[in-house]
Amino acid sequence: PDEREILGWDQFGEAARDLAREVRDSGFEPDVVVAVARGGLLPAGALSYALGLKACGTLNVEFYTGIDARLPDPVVLPPLLDTAALVGRRALVVDDVADTGETLALVQRLVAGHCEEARTAVLYAKSHSIVAPDFVWRRTDRWITFPWSALPPV
Ligand code: 5GP
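Residues numbered from 1 in each chain as written. Predicted model: local features only at pLDDT ≥ 70, side-chain atom pairs only at ≥ 80, totals over all residues. Heavy atoms only, no water.

S.K.: Please set out the side chain of Lys126 residue by residue, giving values where relevant.
M.R.: Looking at where Lys126 falls in the secondary structure, it is placed in the loop between strand E6 (117–125) and strand E7 (135–139). For Lys126, the side chain forms a polar contact with the main-chain oxygen of Arg142, separated by 2.8 Å. (Helix = DSSP H or I, 4+ residues; strand = E, 2+ residues; numbered from the N terminus. Polar contact = N/O pair within 3.5 Å; in protein donor to acceptor, adjacent residues only side chain to side chain.)

S.K.: Go over the sheet that holds strand E3 (residues 56–66) with me, naming the residues and quoting the values.
M.R.: The sheet built from six strands is open, its strands ordered E4-E3-E2-E5-E6-E7 with mixed pairing. The outermost strands of the open sheet, each flanked by one partner alone, are strand E4 (69–77) and E7. For this sheet, the mean angle separating the axes of adjacent strands, direction not counted, is 20°. Of the pairings in the sheet, the one linking E3 to E4 comprises five bridges and is antiparallel in character. Bridging across to E4, Gly66 finds its partner in Ala69. Where helix H3 (residues 102–112) meets the sheet, its contacts fall on strand E2 (32–37), E3, E4, strand E5 (90–98) and E6, and the angle it forms with E3 comes to roughly 150°. (Pairing = 2+ DSSP bridges. Axes fitted to C-alpha atoms, helices over the stretch in contact; angles between N-to-C directions. Contact = heavy atoms within 4.5 Å.)

S.K.: Account for the pairing of E3, naming residues and giving values.
M.R.: Judged from the five bridges that link them, E2 and E3 form a sheet pairing that is parallel. Following the sheet pairing, Ala37 is matched in E3 by Asn60.

S.K.: Could you give an account of H3, with specific residues and numbers?
M.R.: For an α-helix the count is 3.6 residues per turn, leaving residues at separations of three or four pointing the same way. Residues of H3 that are buried: Thr103, Leu104, Ala105, Leu106, Val107 and Val111. On the buried face of H3, the contacting elements are E2, E3, E4, E5 and E6. (Buried < 20%, exposed > 50% of the residue type's maximum accessible area, 1.4 Å probe, protein only.)

S.K.: Provide a residue-level description of the site of the ligand, including the pertinent values.
M.R.: Around the ligand sit 16 residues in total, of which Asp96, Asp99, Thr100, Thr103 and Lys126 are the nearest. Contact between the ligand and Asp99: a nitrogen atom at 2.6 Å from a side-chain N or O atom of the residue. At 2.6 Å, a side-chain N or O of Thr100 approaches an oxygen atom of the ligand. For the ligand, whose unbound accessible area comes to 500 Å², protein coverage reaches 90%. (Near = heavy atom within 4 Å. Areas by Shrake-Rupley, 256 points an atom, 1.4 Å probe, with all protein chains shown as cover.)

S.K.: Could you give an account of the side chain of Asn60, with specific residues and numbers?
M.R.: The residue Asn60 is located in strand E3 in this model. Look at Asn60 and you get buried, because its relative accessible area is 17%. At 3.3 Å, the side chain of Asn60 and the backbone oxygen of Pro78 are in polar contact. Once residues within four sequence positions are removed from consideration, Asn60 is found in contact with Ala37, Arg38, Val75, Val76, Leu77, Pro78 and Pro79.

As far as function goes, none of this settles anything; it's purely spatial.
Below, the structure written as structure tokens:
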């Protein structure tokens, strides 16, 4: 687990298409995508295009403060998701990775309480995650470097 798992921009594009096919082939037809910001923003955007879905919302959650450095619990930050927009809908909750799985567990609990059905999609899942996401592109137990956060802010 010393080595990193590195995802490049080109590979990210392919991952999003693969994951979208996985969702479509499952027969699940979401009508709204919920991005878990910030890590899930780019995956959710790419997935919503790949699925041809225009309705996107975001739920902003903070948990990590550095590599393997976490707050005690994930917390929801403003701006808040308009949960009225979820009523009667099938939501696809999208994040970059289910690591401990605590973020996804929190979001799924919040979202599922408002919509008809909620399923989860992630690029990566780690083996110790407390939730099993419905759609996973790859599995790893390494620390992942994503293309959007590979470099420090300018
Ligand atoms: P979890 O709640 O599943 O532990 O992780 C929450 C968030 O922490 C993820 O959505 C992601 O933004 C960040 N995170 C967790 N593991 C990794 C990792 O291996 N690499 C990066 N870059 N971020 C991670």
